[in-house]
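In case you want the letters, here they are:
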Amino acid sequence: MNYFPDEVLEHVFDFITSHKDRNSVSLVCKSWYKIEKFSRQKVFIGNCYSISPERLIARFPGLKSLTLKGKPHFADFNLVPDDWGGFLYPWIKAMAKSRIGLEELRLKRMVVSDESLELLSKSFPNFRSLVLVSCEGFSTDGLAAIAANCKLLRELDLQENEVEDHRGHWLSCFPETSTSLVSLNFACLKGEINLASLERLVARSPNLKSLRLNRAVPFDMLQKLLMRAPQLVDLGTGSYVHDPSSEAYNKLKAAIQSCNSIRSLSGFLEVAPRCMSAIYPICKNLTFLNLSYAAGLQSNELTNLIQHCRKLQRLWILDCIGDKGLGVVASTCKELQELRVFPSDPFDAGNAAVTEEGLVLVSAGCPKLNSLLYFCQQMTNAALITVAKNCFGAIVRSCKGLKRLSLSGLLTDQVFYYIGMYAKQLEMLSIAFAGDSDKGMLYVLNGCKKLRKLEIRDCPFGDAALLEDMGKYETMRSLWMSSCEVTLGACKTLAKKMPNLNVEIINESEQVEFNLDDRLKVDKMYLYRTVVGHRKDAPEFVWLL
Amino acid sequence: MAKEGLGFEITELRLGLPGGSMTEKSVKKRVFSEISEEEKSNGKSQVVGWPPVCSYRKKNSFGDKDGSKTSKFYVKVSMDGAPFLRKIDLALHKGYSDLATALEKLFGEALRDADSCEFVPIYEDKDGDWMLAGDVPWEMFIESCKRLRIMKKTDVKGFGVLQPREALKGTMKE
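Residues numbered from 1 in each chain as written. Chains lettered and ligands numbered in written order. Predicted model: local features only at pLDDT ≥ 70, side-chain atom pairs only at ≥ 80, totals over all residues. Heavy atoms only, no water.

Let us look at the overall build of chain B. Counting secondary structure elements, chain B contains 5 helices and 5 strands. Each helix (α) and strand (β) of chain B, taken in turn from the N terminus, gives the series α-α-β-β-α-β-β-α-β-α. With 174 residues in all, chain B has 44% of them scored as buried. Of all intrachain contacts in chain B linking residues separated by at least 6 positions in sequence, the fraction that spans at least 24 positions is 58%. Accessible surface computed for chain B: about 9700 Å², of which carbon and sulfur atoms make up 51%. (Helix = DSSP H or I, 4+ residues; strand = E, 2+ residues; numbered from the N terminus. Buried < 20%, exposed > 50% of the residue type's maximum accessible area, 1.4 Å probe, protein only. Contact = heavy atoms within 4.5 Å. Areas by Shrake-Rupley, 256 points an atom, 1.4 Å probe, with all protein chains shown as cover.)

Structure representation (structure tokens):
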């Protein structure tokens, strides 16, 4: 294997970009391991507690681009208490100390403090890309530091974060010399921003491809920005409300006509339905459409728009589209890969305007579907049996590429039998209020060979299912089980037998650990594979077994 | 969804001394299901984290009407027999059920003092018509409601026998 000098191998490895392939390359022999190690620039860490910052830096000293994920997914639904963990600061501190040449940072469900953002902005002179998804703990002050200090910043992408808005004109902190922006997304910010600064920033950023505005950006500003940036590929509107007979509306129509690069459209938190026709000219090229916050659009307005979107690959929509509307999607969007149907009323999805009918239509009409999120109405027992037999069987059979699935409802073990049998590509599965017995969980664990993440709540799965195949969990990133039938004793057994797993119990009662009976059922268990053992930052209510 | 048949199979006791007193947590759970009793009969599930819509989306799902995040929908509320009118911000409430609770808080005394007569909630819409509250989706309601009145049933012809709370919660869509 040593026929080539190292530099040649390194050059060859440059072409290998996927993490999996890179991991395989490093296993071939010592020399390949070493070359790959020093040439690796991008690292993906799906669970920030599976490794420590220090070990990461030692392993990949040439690190330039890091993706980190923190809290378990069910934290999105308030099932994980505050202060559970997932802190960014130790990572920034360690990388700054070791003078890592960090250029890109992508974070999901991490706790990001203003302090860490400030340290980040000052420690990495080549830093160019910050993407924060579902994070919390920071304010616009932290954003101001990023804007002011990251001279080469190309991307600032904030998605669904809880940001404390100090209205400190963070946008104005981008220096006048900063012309490198490619992507700017501040849709999740609640506060006002300096509109003049925004316009100037967009005007001096010729490479700007992605711009997502927040609600505070009014309709007429949108038109001005589009005039400045006709090269946009991804647009998120701010407020989209205006009088369609007005001058501003006509100007917008004209501006959009020249934006023929737009492939991705979102926003519309405030929307006047009669203004939507201005969008039609760009629909034919759209590959991603996110109307999941557009509560102001009714089903026919949605279908009128979607009828123009023949190239759509990803669609996020509200359930007010209805089954008929989904029929339109099924017959129009033949390239559809990802569909998410959210409840119009997120507090009571029992009144969802879609049923299994819409789902079956889409699964039949869109052969490329591989990602599905679907909230539907309460079903009767009779319908459930039909659904379990036809629908889910039909869906997983006709969508063999299915990678991620969330299920809830009065589903029997039979459904999981189908899933284990057919959904061979399934990587992530969320189950709630479903199943009859341990068999259900076992069908999934045994059948879904590519399963990486399994999260379960309020299902009758217990110790037998948990302990049947303990080695399986080392092939997965994590398992979450809450309000199931798993006992403390079983969790302890698992922790003891599998040293490469961290088994954590989240205990929100006042109980003290050593008093407890192993037979007691555990409320929340989260286990994950790790190479660094117990984490050091666990709060009191998290027990590390 | 957790509905009939499944009921609320919340395991009774999670972590606690065997056979011992209830932990704070299970006390909380009981209170949860007690509060939810009424909601259950309406098919509403009040379990934590359900429906599984992420908290960001829950907080940002209803577009503000006038663009500012502090938009308000203050309307006058009058109740037959109560000495003063009140004002209530409809935007602060998530739905009819929530509104019913708020109205009870505002007029609790007057409701109790009234001698066993029943009340019906009505509202004046944008067209000036008086409508029975509860028929249309919540967002539509708060947009069109100009003022609210809690009317004595005896003053009303043709309305059914309803307490204000039930009238408000009663089947919106089904």
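A cluster of nonpolar residues, Tyr3(A), Phe4(A), Val8(A) and Val12(A), forms a patch on the protein surface that exposes about 450 Å² of accessible area. Within the fold, Val12(A) resides in helix α1 (residues 6-13). (Patch = residues over 30% accessible without salt bridge, like charges linked within 9 Å, V, L, I, M, F, W, Y side chains within 5 Å. Salt bridge = Lys/Arg side-chain N within 4 Å of Asp/Glu carboxyl O.)

The subject of this paragraph is unusual backbone geometry. Note on backbone geometry: most residues besides glycine have negative phi, and most peptide bonds are trans. Residues and elements named next belong to chain A. Even without a glycine there, the phi angle at Asp458 is positive, about 55°. Tracing the backbone through its elements, the reader meets Asp458 in the loop between β20 (453-457) and α18 (463-468). You will see that Ser483, though not glycine, has its phi angle at about 50°, which is positive. Of note, Ser483 is situated in the loop between β21 (478-482) and α19 (488-497). When its relative accessible area of 15% is taken as the criterion, Ser483 is described as buried.

To continue, consider the confidence of the model for chain A. Looking at chain A as a whole, its pLDDT mean stands at 90, while 93% of the residues score no less than 70. Here residues 379-391 of chain A scores under 50 on pLDDT; set against residues more than four positions off or in separate chains, the count is 19 contacts. (pLDDT = per-residue confidence, 0-100.)

Attention now moves to the packing of helix α6 (residues 114-123) of chain A against helix α7 (residues 140-149) of chain A. Residues and elements named next belong to chain A. As a packed pair, α6 and α7 sit with axes 8 Å apart at the nearest point and diverge in direction by 5°. In terms of orientation, α6 and α7 fall into the roughly parallel class. Touching Asp114, Leu117, Glu118, Leu120, Ser121 and Lys122 of α6 are Asp141, Gly142, Leu143, Ala145, Ile146 and Asn149, all from α7. Here the contact of α6 with α7 is built from residues that sort into 5 nonpolar, 3 polar and 4 charged. (Axes fitted to C-alpha atoms, helices over the stretch in contact; angles between N-to-C directions. Parallel < 35°, antiparallel > 145°, perpendicular 65-115°, else oblique. Nonpolar A, V, L, I, M, F, W, Y, C, P; charged D, E, K, R; others polar.)

A few words now on the packing of helix α9 (residues 219-228) of chain A against helix α10 (residues 247-257) of chain A. Residues and elements named next belong to chain A. Running from N to C, α9 and α10 point in directions that differ by 30°, and their axes come no closer than 9 Å. Taken as axis vectors, α9 and α10 run roughly parallel relative to one another. For the pair α9 and α10, the crossing hand works out as left-handed. Side by side, α9 and α10 meet where Phe219, Asp220, Leu222, Gln223, Leu226 and Met227 of the first sit next to Ala248, Tyr249, Lys251, Leu252, Ala255 and Ile256 of the second. Looking at the contact of α9 with α10 residue by residue, the classes come out as 9 nonpolar, 1 polar and 2 charged. (Left-handed = near helix turned anticlockwise from the far one by under 90°.)

Another point: the packing of aromatic side chains. All names here are of chain A. Considering all chains together, one arrives at 20 aromatic pairs over all chains under this definition. Ring centres of Phe219 and Tyr240 lie 5.2 Å apart, and the angle between their planes is 55°; on these two criteria the pair is classed as tilted. Within this pair, whereas Phe219 is found in helix α9, its partner Tyr240 is found in strand β11 (residues 239-240), the two being separated by 21 residues in sequence. When sorted by exposure, Phe219 lands in the same class as Tyr240, which is buried. Seen from their ring centres, Tyr526 and Tyr528 are 5.4 Å apart, and the 45° between their planes marks the pair as tilted. Residues Tyr526 and Tyr528 agree in their burial class; the two are buried. Taken together, the aromatic side chains of Tyr49, Phe74, Phe77, Trp84, Trp480, Tyr526 and Tyr528 make up a single cluster linked through ring pairs. Above the ring of Tyr49, the side-chain terminus of Arg535 is found at 4.4 Å from the ring centroid. (Phe/Tyr/Trp six-rings, centres within 6.5 Å; stacked < 30°, edge-to-face > 60°. Lys NZ or Arg CZ within 6 Å of the ring centre and 35° of its normal.)

What follows is about the pairing of β21(A). Residues and elements named next belong to chain A. Of all 5 residues making up β21, 5 are buried, and the element is well covered by its neighbours. Of the two faces of β21, the one holding Ser478, Trp480 and Ser482 and the one holding Leu479 and Met481 are both buried throughout. With 5 bridges joining them, β20 and β21 adopt parallel strand pairing. Across the sheet, residue Lys453 finds its bridge partner in β21, namely Ser478. A crossover links β20 with its parallel partner β21, the connecting element being α18, and its sense is right-handed. (Pairing = 2+ DSSP bridges. Right-handed = clockwise from strand over helix to strand, strands pointing away.)

Residue and element names in this part refer to chain A. Of note, His534 is situated in the loop between β23 (524-529) and β24 (542-544). Looking at His534, the relative accessible area reads 36%, which means it is partly exposed. Considering only alpha carbons, one finds His534 and Leu501, 33 residues apart in sequence, at a separation of 9.0 Å. When neighbours within four sequence positions are excluded, His534 is seen to be in contact with Asn502, Leu544 and Leu545. Here Leu545 takes part through its backbone oxygen, which lies 3.0 Å from a polar atom of the side chain of His534. (Polar contact = N/O pair within 3.5 Å; in protein donor to acceptor, adjacent residues only side chain to side chain.)

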